[in-house]
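Summary of the model geometry
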Amino acid sequence: MENKSELFYQVLRSRRSVRQYTDKEIPREALDRILETGRLSPSAANGQPWSFIAVTKEHPKWAELHEVFYKDGFRKAPVVIAACAQPSKAWVRKEDSSNYAWVDVAIAVTEMILAATAEGIGTCWVASFDLARARKILNVPDGTEIVTLLTLGYPTEPLDIRKKDRKPMDQILHTGGW
Ligand SMILES: Cc1cc2nc3c(=O)[nH]c(=O)nc-3n(C[C@H](O)[C@H](O)[C@H](O)COP(=O)(O)O)c2cc1C
């Protein structure tokens, strides 16, 4: 395999969800590169139906926001990115009226996660948190939905990248039809 693609596959393989973070802060330039990756990600009809709210440790809201997490480990994450969807700005598939806002946001989050991984920064998609409280703390307007609070920081333990608990290919792949 060519060197460049081998590196990329290494990044993909080394991504794990990180739920315990050290106190080390994320350099601003690294955070900016991660956010820029989200900005450049693809979306249906290029609708870009997203907004990102970055909350870093020096912000007065950081400590308050961390109270919305149910797992203690997340409370130390030096950065949280609230990835928000704006369905009114998203492409809608006319055949079945599917709104692609959450899909678009999920793609942006995935790309930011991979950029963070390449930077040696751990992340976790967090969907389960005190949603009403988070909306209030972050002043999220009506019609805008928090898809995830993406936590970012340096992992306390080296990640176990050997085994990912996944369904085998023959359970999920259909060839030529269901
Ligand atoms: C949409 C989504 C929501 C998730 N929400 C949470 C969450 O609320 N809390 C949590 O601890 N992990 C959450 N996770 C992480 C998953 O549990 C994790 O990705 C999965 O177990 C596979 O492990 P891995 O990420 O280490 O490969 C979420 C992941 C995704 C993709």
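The shown structure was predicted, so the numbers you read here are calculated from the model rather than taken from an experiment.

**Thoughts on the overall build of the protein chain**
Counting its secondary structure elements, the protein chain contains six helices and six strands. For the protein chain, the sequential pattern of α-helices and β-strands runs α-α-β-α-β-β-β-α-β-α-β-α. Expected size for 178 residues packed as a compact globule is a radius of gyration near 16 Å; at 17 Å, the protein chain falls within 12% of this value. C-alpha atoms of the protein chain, sized along the principal axes, occupy 55 × 40 × 30 Å. A separation threshold of at least 6 residues defines the contact pool for the protein chain, and within that pool the share at least 24 residues apart is 80%.

**What to know about the site of the ligand**
Close to the ligand lie Arg 16, Ser 17, Arg 19, Lys 71, Cys 124, Trp 125, Val 126, Ala 127, Ser 128 and Lys 164. Among the residues forming the shell around the ligand, the class breakdown is four nonpolar, two polar and four charged.

**What to know about unusual backbone geometry**
Residues other than glycine seldom take positive phi values, yet Asn 46 does so here, at roughly 55 degrees. Tracing the chain through its elements places Asn 46 in the loop between α2 (28–39) and β1 (50–56). With 8 C-beta atoms packed within 10 Å, Asn 46 lands in the exposed category. Despite not being glycine, Ser 97 has its phi angle at roughly 60 degrees, a positive value. For Ser 97, the location among the structural elements is in the loop between β3 (92–93) and β4 (98–99).

**What to know about the environment of Asp 130**
Structurally, Asp 130 is set in the loop between β5 (122–124) and α5 (131–137). For the pair formed by Asp 130 and His 59, sequence separation is 71 residues and the distance between their alpha carbons is 20 Å.

**A look at the sheet that holds strand β6 (residues 145–153)**
One open sheet holds the four strands; their spatial order is β1-β2-β6-β5, and the pairing between them is antiparallel. What marks the edges here is a single partner per strand, and that holds for β1 and β5. Here the average twist between neighbouring strands, direction ignored, is 20 degrees. Note that β5 and β6 share three bridges and pair antiparallel. Note that in β6 the partner of Thr 123 across the bridge is Leu 152.

**Brief notes about helix α1 (residues 3–14)**
The end-to-end C-alpha distance of α1, which contains 12 residues, comes to 17 Å, matching closely the 16 Å that a straight helix rising 1.5 Å per residue would cover. Counting buried residues in α1 gives zero out of 12 residues, a small share hidden from the surface.

**Brief notes about the nonpolar core**
Ranked by internal contacts, the top residues of the largest apolar core, which has 40 residues, are Val 80, Ala 82, Ala 83 and Met 112. For this core, the elements supplying multiple residues, two or more each, are α2, β1, β2 (79–85), α4 (101–118) and β6. Sort the elements by how many residues they give to this core and α4 lands first, with eight residues. Aside from chain neighbours lying at most four places away, what touches Ala 83 is Trp 50, Phe 52, Val 105, Ala 108, Val 109, Val 147, Thr 148 and Leu 150.

Cut-offs applied
Residues numbered from 1 in each chain as written. Predicted model: local features only at pLDDT ≥ 70, side-chain atom pairs only at ≥ 80, totals over all residues. Helix = DSSP H or I, 4+ residues; strand = E, 2+ residues; numbered from the N terminus. Rg over C-alpha atoms; globule rule 2.2 N^0.38 Å. Contact = placed C-beta atoms within 7 Å. Near = placed C-beta within 6 Å. Nonpolar A, V, L, I, M, F, W, Y, C, P; charged D, E, K, R; others polar. Buried ≥ 20, exposed ≤ 12 C-beta atoms within 10 Å, placed from the backbone. Pairing = 2+ DSSP bridges. Axes fitted to C-alpha atoms, helices over the stretch in contact; angles between N-to-C directions. Expected span 1.5 Å × (residues − 1). Core = buried A, V, L, I, M, F, W, Y, C linked by C-beta atoms within 7 Å.

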